[in-house]
2 protein chains.
Amino acid sequence: MSKDALPGLTLCNNAMLRRAARKLGQYYDDVLAPSGLKATQQGLLYQIHIGNEPAMGAIAASMIMDLSALGHTLKPLIRDGYVETFADPDDRRIKRVRLTPQGLVKLDEAMKLWHVAQRRFEDVVGRDKAERLRAALDDIAAHDFDLPPAS
Amino acid sequence: MSKDALPGLTLCNNAMLRRAARKLGQYYDDVLAPSGLKATQQGLLYQIHIGNEPAMGAIAASMIMDLSALGHTLKPLIRDGYVETFADPDDRRIKRVRLTPQGLVKLDEAMKLWHVAQRRFEDVVGRDKAERLRAALDDIAAHDFDLPPAS
DNA sequence: TCTGAATAGTGGTATATGCCACTAAATGAA
DNA sequence: TTCATTTAGTGGCATATACCACTATTCAGA
């Protein structure tokens, strides 16, 4: 119905991506709500967990996120005692990140809810289709769209 | 390469969607930068333009965006003189939105840049693949993931 | 060794987005 | 008509995310 009234919206790759991200974000956030974490936070805690005390720059690169944005996003998690940072002894420019014990407990709790959300999503959309979608999204993330420098 | 170090990231539908959205958002924003608009703003101006003086609620619904979020996003566009609002005479709860003449000029300018971004995206990714992706994203946006009420 | 360039983060500012509590307006039932 | 309910937006607050200017470190040459 809404699509009839929106001839052009569905043509923009970026707009469609953002729209789907809002939708899915609200859904995953809903399911994760009992843990007190947003889906973005659960995802970040998980990245930190599976990394080996990753440097901030490494996290930002793998998530294709601006380094300063990562810093901002980390703040509430540090404030709440879920993660802590420490300087790399071999290169003091580098700041590494790890979960605190409470952070690990919270992540465990959130992951249980994440599994619920993930499973229901794949039940509704279909496992194959979900997998193809993730592959397509990974593909996009890997491409280089930079403008060829005019020189 | 980054994927090797990230066994789990690529499994979460929501995380992958957000990651691709960050990547693509940065790209479209880059291309649109000369207009002074962000891709989100260009998309919103376009929605307003193709709507028939749409009500805020109608815009929010079609974009799957929270109504208050829409209100916030609209503010800089109103401040900069690109859009204006007015109460619906038949129902004064309803606030309708339209482009100003300057807004229309700005949208024209931004759409030219949008075409460049869109075309290059489809050159890199492939037109068919892009279309399938948009269809999949539209599909996700249309699904209902609500938890069945426990009753 | 000294110094200029490159690297890693921080802080400020601005937009993007969501939730909640609240107000105003319209509606429907008694 | 009157009042409880529903509908449409607003404003405050919090997180998400980006860019820019700036600082601290490291590194590569001269």
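Located above this text is the structure these notes cover.
So, here's what we can say about the structure. For clarity, every value in this text was computed on a predicted model and none was experimentally measured.

1. Observations regarding the layout of surface pockets
Estimated volume of the largest pocket: approximately 1,100 Å³. Around the largest pocket, the lining is made up of 48 residues, and of these Ala21, Arg22 and Thr40 of chain A together with Arg18 and Ala21 of chain B lie nearest the centre. At the level of elements, helix 1 (13-32), helix 2 (39-50) and helix 5 (101-125) of chain A together with helix 1 (13-32) and helix 2 (39-50) of chain B are the ones that each hand at least two residues to the lining of the largest pocket. At 10 residues, the largest contribution of residues to the lining of the largest pocket is made by helix 1 of chain A. Its residues assigned to classes, the lining of the largest pocket comprises 23 nonpolar, 17 polar and eight charged. By volume, the second largest pocket is sized at about 230 Å³. Going through the elements one at a time, helix 6 (127-142) of chain A together with helix 6 (127-142) of chain B are the ones with two or more residues in the lining of the second largest pocket.

2. A word on the side chain of Asn14 of chain A
On the secondary structure map, Asn14 of chain A appears in helix 1. Overall, Asn14 of chain A belongs to the buried group, its relative accessible area being 3%. When sequence neighbours within four positions are dropped, the list of residues in contact with Asn14 of chain A reads Ala21, Leu24, Gly25, Tyr28 and Ala39 of chain B.

3. Remarks on the relation of the copies chain B and chain A
Structural alignment of chain B on chain A gives an RMSD of 0.0 Å, achieved by rotating through 180° and translating 0.0 Å along the axis. Here the copies are linked by what is in effect a two-fold axis. Most of the interface of chain B is mirrored in chain A, where 98% of its interface residues are also at the interface.

Basis of the calculations
Residues numbered from 1 in each chain as written. Chains lettered and ligands numbered in written order. Predicted model: local features only at pLDDT ≥ 70, side-chain atom pairs only at ≥ 80, totals over all residues. Heavy atoms only, no water. 1 Å grid on protein atoms, 1.4 Å probe; cavity = no way out; pocket = protein on both sides within 12 Å on 5 of 7 lines; lining within 4 Å. Points joined across faces, edges and corners; volume = space filled by probe spheres on them. Helix = DSSP H or I, 4+ residues; strand = E, 2+ residues; numbered from the N terminus. Nonpolar A, V, L, I, M, F, W, Y, C, P; charged D, E, K, R; others polar. Buried < 20%, exposed > 50% of the residue type's maximum accessible area, 1.4 Å probe, protein only. Contact = heavy atoms within 4.5 Å. Least-squares fit on C-alpha atoms with pLDDT ≥ 70 in both.

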